[in-house]
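Here is how the chains run, residue by residue.
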Amino acid sequence: MAVSPAVTALCENSNEVFLDVAKLLLTYADNILRYPNEEKYRSIRIGNPTFSTKLLPIKGAVECLFEMGFEEAETHLVFPASASVEQLKLIRESIAAERDQRLQGGRLVQPTTQTVAASASASAPESSAAAAATSTQPVSPLPPQPSSLESSMSFFVTVQSNFQHVMVYENPELQQKARSHIPHQQLSSAAQHKLKDAKDADPECKLGIEDFLVLELLRWFKQDFFSWVDSLPCSHCGGVTQIASSLSPSTDDLRWGAQRVENHYCQECKLSTRFPRYNNPEKLLETRRGRCGEWANCFTLCCRALGLEARYIWDSTDHVWTEIYSVSQRRWLHCDSCENVCDQPLLYEVGWGKKLAYVLAFSKDQVVDVTWRYSCKHPEVLSRRTSVQEAWLRHTINGLNASRQQSLNPDRLKELTERLLVELVEFISPKRPKPGELGGRNSGSLAWRVARGETRAAEPGTSTQAAGYVFTPTEKEKSDRLLHVCYSATKDQYCRLSNSSEVIQSWDQCVWRTESVYRKVENDWQMVYIARTEGSSVGRISWKFDFAPVGMKIKSVSIMASSQTFHTGKVSWHLQSGQITTEFSGDGKMQSFSTLCGSSDFIIVAELSGGEGETSWQHSQLFRQSLKETEESSFEILIHLEDA
């Protein structure tokens, strides 16, 4: 059996370093083997001083943990219930054999790989398929500067975890299970018809059958197979739930890679509905629901199951999708199953307004930094790439690829090199956006999209996002000549007092326009407020009132708006009506505006800016309230009306 690349890398350290690290690694492994049901022995906190100082900087050390079967969680490395104990024993015995060789006869000897190979051969797992699904070909990252050690390690763990995870898609039994869910013949037939139509319309068409099969697969996955989850309906009454604090994962959750379980809580029944965030695509074939992580995970498996060359794409600004290699076009195509879009790589930067930094592609053969395919603003992106050093990133990617490609034949290596060269040429020249790439996101609820700043309008250079709600008097309000609205940040609801105290849930449901703002709940401080999305320099939100459709105009307007700033944060409030703009303060006091008398419409606008440092987005806030203040309003509009 081939020597473990991780143990081989570990053996290249000095005797003293190797023995120190080996002792720790064997302790981790032995604890799991001795106490298989003790969760505390299956988790290693990344911030632990022993881990960060004695393992993190050492070549091959963390890679050994990954080869044992550890996986990345948010703040820990975790040995999941689904991991192969045989694989753990394999790496453990390889390290122990090398340690014993070095200590043989009470003296230190030089590192060897022969003993490692012998031990590996003697400890081969019973199932080669299981070994293929859990093994990886890791490499040590270039040692980062001390100031970026933690950031580099966190980045490396993410990259290594994704590179290991995509090997799951290569499991033949799992691919067969995926094919059993896919109406392959139906999709292939539809693709053939559309290819024929394309050839008839354009005899010079260079597209192939796989290009149309991808489009059919995207359509089927979005429309017929997978479903989006914002919040699950209450398991008891079927009503609306809200996401509360996380729940502890069960043994079965951990078996399927769900390190995190959301608590979807029903205010009426006082019951919790569990939503495990599964990371195993086999389980996702059964549940068929989730957010972008689950969608991309399951869709990429489906692509591989149909024989399409696919890559899992990870975006550091919190999104994932898929790329498919088009043989006929000789290039990689962007495919987002959540959105049912293909070949629109500027969708995120231009359409959603994302501030991209790192976008990496993971396949069974290699890792590629594909950030530049997804941006037309390369200098801006480069300025944001501060998590790790560029030289470190290149070295790490090259090392991972060299390890993974050791067993590839020369023809395949040549093919990968040629493809990479084509990509590099593509990356040199920034693209111009196509019309289809200019729209906002369509997956997820409006609240979810707005909170993430991903509902941008459809023209380059404009950054307003349309929610589009307009306050227009109801028959009762018209009869009473009064429109009275309050918003409570604590309850996150509007109360339309002038319309039989109608209640409208969620801050964004009555908004006219928003840009880069969301509702922030600080559970530790028990506070809630509306702030800019992290990383944005300016946030805007507005509310529109229009009385012309019912033949009325304003007699008087009073507004109470509360805002708070910290450091150099700034909040600007103003009213717009026709050509008239009136500024006012958000001091929490009711203010009257005679300038609006006789007008038939107006818009209230709040702009958030300024602040200092990495948390500048928090330094300008709207409607800040204690979670315990359930009776107080943080925003109130009182409008008396008269006939136009």
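Residues numbered from 1 in each chain as written. Predicted model: local features only at pLDDT ≥ 70, side-chain atom pairs only at ≥ 80, totals over all residues. Heavy atoms only, no water.

### Details of the side chain of Ser94
As a reminder, the rule being used: Starting at the N terminus, helices and strands are each numbered in turn, a helix being any DSSP run of H or I of at least four residues and a strand any DSSP run of E of at least two. In protein, a polar contact means a hydrogen-donor-capable atom and an acceptor-capable atom, both N or O and within 3.5 Å, with residues adjacent in sequence counting only if both atoms are side-chain atoms; elsewhere, any N or O pair within 3.5 Å suffices.
Note on placement: Ser94 falls in helix α5 (residues 85–102). Side-chain polar atoms of Ser94 contact the backbone oxygen of Leu90, separated by 2.9 Å.

### Some remarks on the sheet that holds strand β22 (residues 527–532)
Applicable threshold: The pairing criterion is simple: DSSP has to find at least two bridges between the two strands. The axes are straight lines fitted to the C-alpha atoms, using for helices just the contacting stretch, and the angles between their N-to-C directions are given from 0 to 180°.
Taking strand neighbours across the sheet as the criterion, the four strands line up as β21-β22-β30-β25 in an open arrangement whose pairing is antiparallel. Looking at strand neighbours, the two that pair on one side only are β21 (517–522) and β25 (563–565), the edges of this open sheet. On average, adjacent strands in this sheet sit at an angle of 35° to one another, irrespective of strand direction. As defined by bridge partners, β21 adjoins β22 across six bridges and the pair is classed as antiparallel. Residue pairing for β22: Val517 is matched across the bridge by Arg532.

### Some remarks on the packing of aromatic side chains
Stated formally: Each Phe, Tyr or Trp ring (for Trp, its six-membered ring) is paired with any other whose centre lies within 6.5 Å, and the angle between the two planes then decides the class: stacked below 30 degrees, edge-to-face above 60, tilted in between. Partly exposed describes any residue whose relative accessible area lies between the buried limit of under 20% and the exposed limit of over 50%, with all areas from a 1.4 Å probe on protein chains only and scaled to the type maximum.
Under the definition given, this model contains 35 aromatic pairs. Ring centres 5.7 Å apart and planes at 85° place the aromatic pair Phe155 and Trp314 in the edge-to-face group. Of this pair, Phe155 sits in helix α8 (residues 149–165) while Trp314 sits in strand β9 (residues 310–315); the two residues are 159 residues apart in sequence, bridging distant segments of the chain. Judged by its relative accessible area of 7%, Phe155 falls in the buried class. The exposure class of Trp314 is buried, given its relative accessible area of 15%. Aromatic pair Trp220 and Phe221: ring centres 6.2 Å apart, planes at 70°, arrangement edge-to-face. Like Phe221, Trp220 is buried.

### What about the environment of Ser375?
Where we set the bar: Residue contacts follow a heavy-atom distance rule, with two residues in contact if any of their heavy atoms lie within 4.5 Å.
Along the polypeptide, Ser375 turns up in the loop between β14 (367–369) and α16 (378–384). Separated by 30 residues in sequence, Ser375 and Pro345 have C-alpha atoms that sit 7.7 Å apart. Those residues within four positions of Ser375 in sequence are excluded, and the remaining contacts are Leu346, Glu349, Val381, Pro430 and Lys431. Side chain to side chain, Ser375 and Glu349 meet in a polar contact 2.7 Å long.

### Here we look at the pattern of salt bridges
The following threshold applies: The working definition used for a salt bridge is a side-chain nitrogen of Lys or Arg within 4 Å of a carboxyl oxygen of Asp or Glu.
All chains considered together, the criterion is met by 40 salt bridges. Note that Glu12 is salt-bridged to Lys59, the shortest N-O span being 2.4 Å. Of this pair, Glu12 sits in the loop between α1 (5–11) and α2 (15–34) while Lys59 sits in the loop between α3 (49–55) and α4 (61–68); the two residues are 47 residues apart in sequence, bridging distant segments of the chain. Classification of Glu12 by relative accessible area gives exposed; the value is 52%. Between Asp315 and Lys354 there is a salt bridge, with its nearest N and O atoms 3.7 Å apart.

### Focus: the nonpolar core
Nonpolar side chains tend toward joint burial in soluble globular proteins. Where we set the bar: Only buried Ala, Val, Leu, Ile, Met, Phe, Trp, Tyr and Cys residues count toward a nonpolar core, and they belong to the same one when joined by side-chain atoms within 4.5 Å.
Counting 94 residues, the largest nonpolar core has Phe51, Leu65 and Ile95 as its most contacted members. Counting residues per element, this core draws most heavily on α2, at ten residues.

### A few points about the confidence of the model for the protein
So the rule is basically this: pLDDT: the predictor's confidence for each residue, scored from 0 to 100.
Residues of the protein with pLDDT of at least 70 account for 86%, and the chain-wide mean is 83. Counted against residues more than four places away or in other chains, residues 105–139, with its pLDDT under 50, gives 74 contacts.

### Digging into the sheet that holds strand β5 (residues 242–247)
With respect to topology, three strands assemble into an open sheet ordered β5-β6-β7, the strand pairing being antiparallel. Of all the strands in the sheet, just β5 and β7 (272–276) have a single pairing partner and so form its edges. Neighbour-to-neighbour, the strand axes of this sheet turn through a mean angle of 35°, independent of strand direction. Bridge count between β5 and strand β6 (residues 261–265): four bridges; the pairing is antiparallel. Across the sheet, the residue bridging to Gln242 is Tyr265, located in β6.

### Some points on the packing of α4 against α5
Going by this rule: Throughout, the ten residues Ala, Val, Leu, Ile, Met, Phe, Trp, Tyr, Cys and Pro are labelled nonpolar, Asp, Glu, Lys and Arg are labelled charged, and all others, Gly among them, are labelled polar.
In the contact formed by α4 and α5, the axes pass within 8 Å of each other and the chain directions differ by 145°. Here α4 contributes Cys64, Glu67 and Met68 to the contact with α5, which in turn contributes Gln87, Leu88, Ile91 and Ile95. A breakdown of the residues in the contact of α4 with α5 according to their chemical character gives five nonpolar, one polar and one charged.

### Let's talk about helix α9 (residues 172–181)
Stated formally: The arc in question is the one spanned by the directions pointing from the helix axis to the C-beta atoms.
Leu174, Gln175 and Ala178 are the residues of α9 that are buried. Buried residues of α9, seen end-on, are gathered within an arc of 100° and therefore sit on one face of the element. More than 90 degrees from the buried face of α9, the exposed residues found are Pro172, Glu173 and Ser180. Each element contacted by the buried residues of α9 is listed here: α13 (281–287) and α14 (292–305). Sitting at the head of α9, Asn171 places a side-chain oxygen 2.9 Å from the backbone nitrogen of Glu173.

### Focus on the environment of Ser626
Tracing the backbone shows Ser626 in strand β30 (residues 620–626). Ser626 gets classed as buried once you look at its relative accessible area, which sits at 16%. Dropping the residues within four chain positions of it, Ser626 is found in contact with Thr490, Gln526 and Met527.

### Points about the state of the cysteines
Rules: To count as a disulfide, a pair of cysteine sulfur atoms needs to be within 2.5 Å.
Here the structure, examined in full by the defined rule, presents zero disulfides. Cys234 supplies the cysteine sulfur nearest to Cys266, a cysteine that is in no disulfide, at a spacing of 3.8 Å. Given a relative accessible area of 1%, Cys266 falls into the buried group. Cys338 takes part in no disulfide bond, and the closest cysteine sulfur to it belongs to Cys292, at a distance of 5.6 Å.

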